[in-house]
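Coordinate inspection notes
Letter by letter, the chains look like this.
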Amino acid sequence: MQDKEPDDFRESTALKEIWTIFRQNRIALFSFYLLVIFILTTVFSPLLAPYSSVEQFAQHELLPPSWVEGGTISFFFGTDDIGRDLFSRIIIGSAYTLGSSLAVILIVTLFGTVIGIWAGISHSIKSKILSNILHTFLSIPSLLIAIIIATLLEASLLGATIATTLAILPYFMHEIYKLTQQELNKEYVLMLKLDGVSNSTLLKETVIPNIMHRYIQEIGRSFATAILDISALGFISLGAQRPTPEWGAMIKDSLELIYLAPWTVILPGVAIIVTVLTLLIFSQGLSDTVKTYYERG
């Protein structure tokens with residue numbers, strides 16, 4: 001059997017220590033397990049949903065949730081105005097809302113990290129031009145940028161995903177650029193540069209460990225923004241279209257039922273709120289854990 005390198009042992013020990021610290025935060029730990037459940041639900045939604053998202057049940061229109069008088073356990077969250085099971089639509093809808101947001105954050109994290117660090121550590125004309133462009137974007141809300149881009153594309157979930165990615169990417173890049181610049185401008189880093197330490201060594205041993213907790217926070221914030229933006233685009237008919245059970249589109253389609261069947265609007269909204277809060281609590285808890293780990297080290 002091949003022997004492990006010393007770096008492998010250090011990495012394994014670091015992960016164990018981070019997990020030990022993280023477990024002490026019960027709220028963050030609960031949010032972690034909840035987030036895992038949400039992600040597994042997204043992946044296996046067609047298998048978990050009791051019914052199809054488009055299946056209609058005649059004479060079962062506008063049934064209330066099962067915990068309300070007149071509801072039935074067969075339709076746990078009730079039904080909408082054409083007899084579709086709301087519980088199944090919310091579960092399957094997680095693949096559209098949460099799944100699309102996950103794709104957005106993966107792309108944003110990949111490109112935003114590379115370009116942001118490059119712009120922060122480079123002193124070329126190109127990096128300065130890029131930083132000025134990124135500063136300009138900060139004056140415009142990401143949702144407004146997403147709406148502008150989405151209007152130029154076909155109204156669909158794919159269009160909303162592309163628009164949200166392009167809207168969030170400049171903000172993420174700017175944050176990584178700013179964090180890198182702040183760290184490189186510290187006195188002890190300048191002293192290391194004078195001693196001839198390379199940029200790659202500075203990044204690996206100084207910059208990345210010191211910005212990691214802020215980096216995790218930014219990923220969590222961007223992920224939450226992606227969920228809200230995709231839902232908002234669906235709500236204003238620039239995202240997912242009928243009969244796709246995307247959570248924002250579900251709220252928009254049932255808005256006229258708010259007084260007659262409020263659960264058709266409230267429950268998709270609760271799904272969005274709970275997912276965003278869980279994500280933010282988890283990212284903050286993980287950020288605090290990583291910060292504590294590096295401070296101890």
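Residues numbered from 1 in each chain as written. Predicted model: local features only at pLDDT ≥ 70, side-chain atom pairs only at ≥ 80, totals over all residues. Heavy atoms only, no water.

Looking at an unreviewed UniProt entry, one finds the protein named Peptide ABC transporter permease and attributed to [Haemophilus] felis. Reading the Sequence similarities (unreviewed entry) entry of the UniProt record for the protein gives the comment "Belongs to the binding-protein-dependent transport system permease family. OppBC subfamily." (UniProt positions renumbered as here; feature names shortened; annotations may be inferred.)

1. Concerning the UniProt feature "transmembrane region" (unreviewed entry) in the protein
This chain's UniProt record puts "transmembrane region" (unreviewed entry) on residues 27–49, 102–121, 133–150, 156–173, 222–240 and 260–282. Split by type, residues 133–150 is 78% helix and 0% strand. Its first and last C-alpha atoms lie 21 Å apart. Split by type, residues 222–240 is 74% helix and 0% strand. Its first and last C-alpha atoms lie 20 Å apart. (Helix = DSSP H or I, 4+ residues; strand = E, 2+ residues; numbered from the N terminus.)

2. Here we look at the packing of helix H2 (residues 26–43) against helix H4 (residues 86–121)
Across the interface, H2 lies against H4 with an axial gap of 7 Å and an inter-helix angle of 105 degrees. Between H2 and H4, the interaxial angle falls into the category roughly perpendicular. Residue-level inspection shows Phe-38, Ile-39, Thr-41 and Thr-42 of H2 in contact with H4, the latter providing Ile-91, Ser-94, Ala-95, Leu-98 and Gly-99. Along the lines of polarity and charge, the residues of the contact of H2 with H4 split into five nonpolar, four polar and no charged. (Axes fitted to C-alpha atoms, helices over the stretch in contact; angles between N-to-C directions. Parallel < 35°, antiparallel > 145°, perpendicular 65-115°, else oblique. Contact = heavy atoms within 4.5 Å. Nonpolar A, V, L, I, M, F, W, Y, C, P; charged D, E, K, R; others polar.)

3. Some thoughts on a nonpolar patch on the surface
A surface patch of nonpolar side chains, about 730 Å² in accessible area, is lined by Ile-140, Leu-144, Ile-148, Leu-152, Leu-153, Leu-158, Ile-162 and Leu-166. Listed by contribution, the elements that provide at least two residues to the nonpolar patch are helix H6 (142–152) and helix H7 (157–184). In this structure, Leu-152 sits in helix H6. (Patch = residues over 30% accessible without salt bridge, like charges linked within 9 Å, V, L, I, M, F, W, Y side chains within 5 Å. Areas by Shrake-Rupley, 256 points an atom, 1.4 Å probe, with all protein chains shown as cover. Salt bridge = Lys/Arg side-chain N within 4 Å of Asp/Glu carboxyl O.)

4. Considerations on the pattern of salt bridges
Taken as a whole and judged by the stated rule, the model has five salt bridges. For Lys-178, the salt bridge is made with Glu-175, and the minimal N-O distance between the two is 3.6 Å. Here the residue Lys-178 and the residue Glu-175 both occupy positions in helix H7, the gap between them amounting to three residues, near one helical turn. Taking relative accessible area as the criterion, Glu-175 reaches 15% and is therefore assigned buried. Between Arg-242 and Asp-253 there is a salt bridge; the shortest N-O distance is 3.1 Å. One end of the pair, Arg-242, is in the loop between helix H9 (199–235) and helix H10 (247–254); the other, Asp-253, is in helix H10, and 11 residues separate them in sequence. (Buried < 20%, exposed > 50% of the residue type's maximum accessible area, 1.4 Å probe, protein only.)

5. Some words on the environment of Gln-241
Counting through the fold element by element, Gln-241 comes out in the loop between H9 and H10. Distance in space between the C-alpha atoms of Gln-241 and Ser-94 is 15 Å, their sequence separation being 147 residues. Of the polar contacts made by the side chain of Gln-241, one reaches the backbone oxygen of Gly-239; its length is 2.8 Å. (Polar contact = N/O pair within 3.5 Å; in protein donor to acceptor, adjacent residues only side chain to side chain.)

6. Overview of the environment of Ser-74
Here Ser-74 shows up in the loop between helix H3 (45–48) and H4. The class of Ser-74 is partly exposed, set by a relative accessible area of 39%. For the pair Ser-74 and Arg-89, spaced 15 residues apart in sequence, the C-alpha to C-alpha distance is 14 Å.

7. Regarding the environment of Ile-91
Note on placement: Ile-91 falls in helix H4. Apart from the residues lying within four places of it in its own chain, the contact partners of Ile-91 are Thr-41, Ser-45, Leu-48 and Ala-49.

8. Observations regarding H7
Between its first and last C-alpha, H7 extends 40 Å over 28 residues, near the 40 Å set by a 1.5 Å rise per residue. Taken across its 28 residues, H7 has 22 buried, putting it largely inside the fold. (Expected span 1.5 Å × (residues − 1).)

9. Considering the packing of H7 against H9
At a closest axis distance of 9 Å, the pairing of H7 and H9 adopts a crossing angle of 160 degrees. Considered as vectors, H7 and H9 are oriented roughly antiparallel to each other. Considering the relative orientation of H7 and H9, their crossing is right-handed. (Left-handed = near helix turned anticlockwise from the far one by under 90°.)

10. A closer look at the side chain of Ser-88
By the secondary structure assignment, Ser-88 is in helix H4. A residue is classified by how much of its surface remains accessible, and Ser-88, at 0% relative accessible area, is buried.

11. What to know about the packing of aromatic side chains
Each pair of aromatic rings is reported with the distance of its centres and the angle of its planes. Taken as a whole and assessed by the stated rule, the structure comprises 16 aromatic pairs. Ring centres 5.7 Å apart and planes at 80 degrees place the aromatic pair Phe-76 and Phe-87 in the edge-to-face group. Residue Phe-76 is located in the loop between H3 and H4, and its partner Phe-87 is located in helix H4; the two are separated by 11 residues in the primary sequence. For Phe-76, a relative accessible area of 35% translates into the label partly exposed. Residue class for Phe-87 comes out partly exposed when judged on its relative accessible area of 25%. Through a chain of ring-to-ring contacts, three or more aromatic side chains come together here, namely Trp-19, Phe-22, Phe-32, Tyr-33 and Phe-282. (Phe/Tyr/Trp six-rings, centres within 6.5 Å; stacked < 30°, edge-to-face > 60°.)

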